[in-house]
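Structure assessment
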Amino acid sequence: MNIEKNKKDYRLLSFIVFAILIAAWCIASYSGMVSKIFLPSPSDVLDAIVSGLKDGSLWENCWVSTKRVMIGWFWSAAVALPLGMLMALSKKFTAIIRPFIEFARYLPVVALVPLTLLYLGIDEAQKYTVIWLGTFFQLILMVCDTVSSVERNQVNAARTLDANKWQVYLYVILPASLPGLLDDFRLTIGWAWTYLVVAEMVAASSGLGYIILKSQRFLATDVIFMGLILIGLIGLLTDFLLRLLSGVLVPWYKRLGD
Amino acid sequence: MPKLKVSNIYKIFNDGKSNVTALEDVSFEIEKGEFVVIVGPSGCGKTTLLNIVGGLDTASSGTVEVDGRQVTKPGGDRGMVFQSYSLFPWLSVLKNVEFGMKMRHIPKEQRLETARKYIGLVGLGEFENAMPDTLSGGMKQRVAIARTLANSPEVLLMDEPFGALDAQTRIVMQELLADVARTTESTVLFITHDIDEAILLGSRIIVMSNRPGKILDIIPVELSISRNRSALTNEEFLAIKRRIMDLLWKETL
Ligand SMILES: Nc1ncnc2c1ncn2[C@@H]1O[C@H](COP(=O)(O)OP(=O)(O)OP(=O)(O)O)[C@@H](O)[C@H]1O
Ligand SMILES: [Mg+2]
């Protein structure tokens, strides 16, 4: 099979990995090798999904969590993008903001959760804030690095072709850094899910993180597995959509190995 | 009035610890329509000089004038073609060549017409919709030349544009450039460390010394034969070549 050239083979290989995982899961659970409390069988998890679909709670929880991730991450990106660009382009601004960002970046978000609860209570704003704190300080530095790595030659070429400062930003720096920015976005959305679950586990009455925590109290391992699988699937879907977007926005961009 | 006037340029780089003098008292003038070539050993400050003329770097002292006006910032009046490729990979060949005109808000119709004219001139008519990544090195450099010419610069500054090409492609490109420069009546300042290339293209050759770069001599090129690959073995050609090599060799001893 020639993975280098063939898309079908690529999919087949990915599929085989999943099939093996599921087969191993079936063997371990149906044979009774592992107790139901620790490892529910695939049919138990399917049952949990079906009953969740029936009473509508599954969609509800998926949607609530997805919405929190999107809003929290959106604000993080909306602030990190202009500030990160500014950092890459202005030494003065970097001097002002960089020490603080580096300091904040090393604070574990989990340690900040009590403060968010104290300041914001348990409403939605607190969830957004936890996600924002978890992604913003990383994203701003990633944006800065991505924008800084635009080739000097391209900027110089534009300047000798009559581009003014704003045209250089808009027509050179932005398109040149777009592939890198989309990668930064893809990575940080992944992290946003991690912090969502953190936020939903400490104080929430809905969402996938919440049902995972609640199920643990009742030893409802099948529901925990359902939650994990759903988060994974939503992650896969998000990644797929962002790759699609990359293909549309930056078709000219070729990675090593593409 | 000369098209380009460079007066008493000094450039001293300071890396915090020590000073490196890259250029020392460089002065010359170029008339409209002239093709002037600078040759000099590697590291003598050729790129630095061109960047100062282009406004991408500032001189420690001295001035650069275009049509009698002093210039300090980059601008479309001094179009540049760089030592390494500088095309915009997200734009097609046509859009690359239109870039400068777009920045100047020239109407779409006119932009297209001008861009196509120059793409045709460098022989890439069939490739106007190609993306830069799909072109060979020589083709990319031709697009870069068309892109700069399409913006109708007063002076064309070229920094070893053919340095990365193989010997054959190089000769084809040199002949192409000589043709294009003649038909568009461009004023060109061209850098190379290839003496053959300098004599084939230049109406005058500025010979520079090792670092700190100074002008050793300015040599007019008057050939009674046509400038193509067969000139490379001609006596007149070789006489000029010998003169330049003597200058450069004296320098290394
Ligand atoms: N930003 C810089 N800081 C310090 N020194 C520099 C800088 N840029 C160039 N130099 C020095 O100035 C000298 C001239 O460099 P330049 O790039 O102009 O040479 P060149 O003649 O174009 O060489 P080549 O033919 O190899 O391209 C070199 O010795 C280099 O080390
Ligand atoms: Mg150079």
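In short, a report on the structure. Here the structure is a predicted model, which is why all the values come from computation and not from measurement. (Residues numbered from 1 in each chain as written. Chains lettered and ligands numbered in written order. Predicted model: local features only at pLDDT ≥ 70, side-chain atom pairs only at ≥ 80, totals over all residues. Heavy atoms only, no water.)

1. Considering the packing of helix H1 (residues 7–30) of chain A against helix H2 (residues 42–54) of chain A
Residues and elements named next belong to chain A. Where H1 contacts H2, the two axes come as close as 9 Å, and the packing angle between them is 100°. As judged from the angle between their axes, H1 and H2 are roughly perpendicular. Note on element contacts: H2 touches H1 through Pro42, Ser43 and Val45, opposite Trp25, Cys26, Ser29 and Tyr30. Tallied by class, the residues present in the contact of H1 with H2 amount to five nonpolar, two polar and no charged. (Axes fitted to C-alpha atoms, helices over the stretch in contact; angles between N-to-C directions. Helix = DSSP H or I, 4+ residues; strand = E, 2+ residues; numbered from the N terminus. Parallel < 35°, antiparallel > 145°, perpendicular 65-115°, else oblique. Contact = heavy atoms within 4.5 Å. Nonpolar A, V, L, I, M, F, W, Y, C, P; charged D, E, K, R; others polar.)

2. Description of the coordination of the magnesium ion (ligand 2)
All names here are of chain B. Surrounding the magnesium ion (ligand 2) are the protein donor atoms Thr47 (OG1) and Gln83 (OE1), at 1.9 to 2.7 Å. Here glutamine 83 lies in the loop between strand E6 (78–81) and helix H2 (93–103) and threonine 47 lies in helix H1 (residues 46–54), a separation of 36 residues in the sequence. For threonine 47, a relative accessible area of 30% gives the class partly exposed. (Donors = N, O, S within 2.8 Å, 3.2 Å for Na, K, Ca; no water. Buried < 20%, exposed > 50% of the residue type's maximum accessible area, 1.4 Å probe, protein only.)

3. A few points about unusual backbone geometry
For the bond running from arginine 211 of chain B to proline 212 of chain B, omega is -5°, close enough to zero to count as cis. Relative to the assigned elements, proline 212 of chain B resides in the loop between strand E9 (204–208) and strand E10 (215–220). Despite not being glycine, aspartate 162 of chain A has its phi angle at roughly 75°, a positive value. Inspection of the secondary structure puts aspartate 162 of chain A in the loop between helix H7 (152–159) and helix H8 (165–202). With relative accessibility at 27%, the residue aspartate 162 of chain A sits in the partly exposed group. The phi dihedral of serine 152 of chain B falls on the positive side, at around 40°, and the residue is not glycine.

4. So, the sheet that holds strand E1 (residues 4–14) of chain B
Residue and element names in this part refer to chain B. Judged by pairing direction, the sheet is antiparallel, and its four strands sit side by side in the order E2-E1-E4-E5 without closing on themselves. The open sheet terminates on both sides in strands that have one partner only, identified here as strand E2 (19–30) and strand E5 (69–70). Pairing analysis gives two bridges linking strand E4 (residues 61–66) to E5, with the strands arranged antiparallel. In the strand pairing of E5, glutamate 65 is matched with glutamine 70. (Pairing = 2+ DSSP bridges.)

5. Description of helix H5 (residues 109–120) of chain A
All names here are of chain A. Relative to the 16 Å expected for twelve residues at 1.5 Å per residue, H5 spans 15 Å between its end C-alpha atoms, a close match to the ideal helical length. Along H5, the residues classified as buried are Val109, Val113 and Thr116. Buried positions in H5, seen along its axis, are confined to an arc of 75° and lie on one side of it. Exposed side of H5, more than 90 degrees from the buried face: Ala111, Pro114 and Leu118 are the residues found there. In the core, the buried residues of H5 are packed alongside helix H6 (124–148) and H8. Just beyond H5, the residue with positive phi is glycine 121, at close to 70°. (Expected span 1.5 Å × (residues − 1). Arc of directions from axis to C-beta.)

6. Thoughts on the site of ligand 1
Residues and elements named next belong to chain B. Lining the immediate environment of ligand 1, one finds 13 residues, of which Ser42, Lys46, Thr47, Thr48 and Arg211 sit closest. Here an oxygen atom of ligand 1 sits 2.6 Å away from a polar atom, N or O, in the side chain of threonine 47. Interatomic distance of 2.7 Å between a side-chain N/O atom of arginine 211 and an oxygen atom of ligand 1. Summarising the interface, the protein chains cover 64% of the accessible area of ligand 1, which totals 640 Å² for the free molecule. Top element by residues in the shell around ligand 1 is H1. It accounts for three residues. (Near = heavy atom within 4 Å. Polar contact = N/O pair within 3.5 Å; in protein donor to acceptor, adjacent residues only side chain to side chain. Areas by Shrake-Rupley, 256 points an atom, 1.4 Å probe, with all protein chains shown as cover.)

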